[in-house]
Amino acid sequence: MQQKANDIVKTLKSRGLRVTPQRFGVYANLLAREDHPTVDQILRDLNQEAPTSSQATVYAALQALREAGLVREVLLEEGVSRYDANVAPHHHFRCNCCGAIEDINWNAFPDIDVSQLREGLKVERYEVTVEGMCDRCCE
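Residues numbered from 1 in each chain as written. Predicted model: local features only at pLDDT ≥ 70, side-chain atom pairs only at ≥ 80, totals over all residues. Heavy atoms only, no water.

A. Fine view of the overall build of the protein chain. Within the protein chain, the secondary structure is distributed over five helices and five strands. C-alpha extents for the protein chain along the principal axes are approximately 50 × 40 × 30 Å. Here the protein chain holds 139 residues, and the buried ones make up 34% of them. Long-range contacts, defined here as pairs at least 24 residues apart, represent 45% of the contacts in the protein chain between residues at least 6 apart. Of the roughly 9200 Å² that the protein chain leaves accessible, carbon and sulfur atoms contribute 48%. For the protein chain, the distance from the average position of its 16 positive side-chain charges to the average position of its 21 negative side-chain charges is 9 Å. (Helix = DSSP H or I, 4+ residues; strand = E, 2+ residues; numbered from the N terminus. Buried < 20%, exposed > 50% of the residue type's maximum accessible area, 1.4 Å probe, protein only. Contact = heavy atoms within 4.5 Å. Areas by Shrake-Rupley, 256 points an atom, 1.4 Å probe, with all protein chains shown as cover. Lys, Arg positive; Asp, Glu negative; His and termini not counted. Charge placed at Lys NZ, Arg CZ, Asp CG, Glu CD.)

B. Representation of helix α4 (residues 55–67) within the structure. A rise of 1.5 Å per residue sets the reference length of α4, with its 13 residues, at 18 Å; its end C-alpha atoms lie 18 Å apart and thus fit the reference within 8%. Those residues of α4 that fall on the buried side of the exposure criterion are Val58, Ala61, Leu62, Ala64 and Leu65. Down the axis of α4, the buried side of the element spans an arc of 160°, and every buried residue falls inside it. For α4, the exposed residues set more than 90 degrees away from the buried face come down to Ala56 and Glu67. Positioned one or two residues after α4, Gly69 has a phi angle of 80°, which is positive. (Expected span 1.5 Å × (residues − 1). Arc of directions from axis to C-beta.)

C. Summary view of the layout of surface pockets. In this model, the largest pocket occupies a volume close to 160 Å³. Val71, Arg72, Glu73, Val87, Pro89, His90, Trp106, Arg125, Tyr126 and Glu127 are the residues that line the largest pocket. When grouped by side-chain class, the residues that make up the lining of the largest pocket number five nonpolar, one polar and four charged. (1 Å grid on protein atoms, 1.4 Å probe; cavity = no way out; pocket = protein on both sides within 12 Å on 5 of 7 lines; lining within 4 Å. Points joined across faces, edges and corners; volume = space filled by probe spheres on them. Nonpolar A, V, L, I, M, F, W, Y, C, P; charged D, E, K, R; others polar.)

By themselves, these figures tell us nothing about what the structure is for.
Here it is in structure tokens:
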């Protein structure tokens, strides 16, 4: 556990971020989960033991982490921002029944050909969002 904490501190510092308890807590929380939480879910987790963070504090920490390239905002449903510490290229699956979100390996769609887009468009990045029902909801 201490090694993981040291790694988080080292990562934050390597990106030029001052290590505050709030940034540490938000980043550690995101690293420990794969469900792409909302700000409210992160806040609930952080304040589980004792209320020490506010929504504004979590937003500020997420913004700093995003700007440093350690976290990305994921918009898979209208009006809902979710956050992900997995910044490597990947796609997403979203269950239309329960709302669960999970990562899909980048190589799952090897035949996407962006060269077929109209002339003049310059692709900087893309990701595929697959929607359907997860195995927990299909039973």
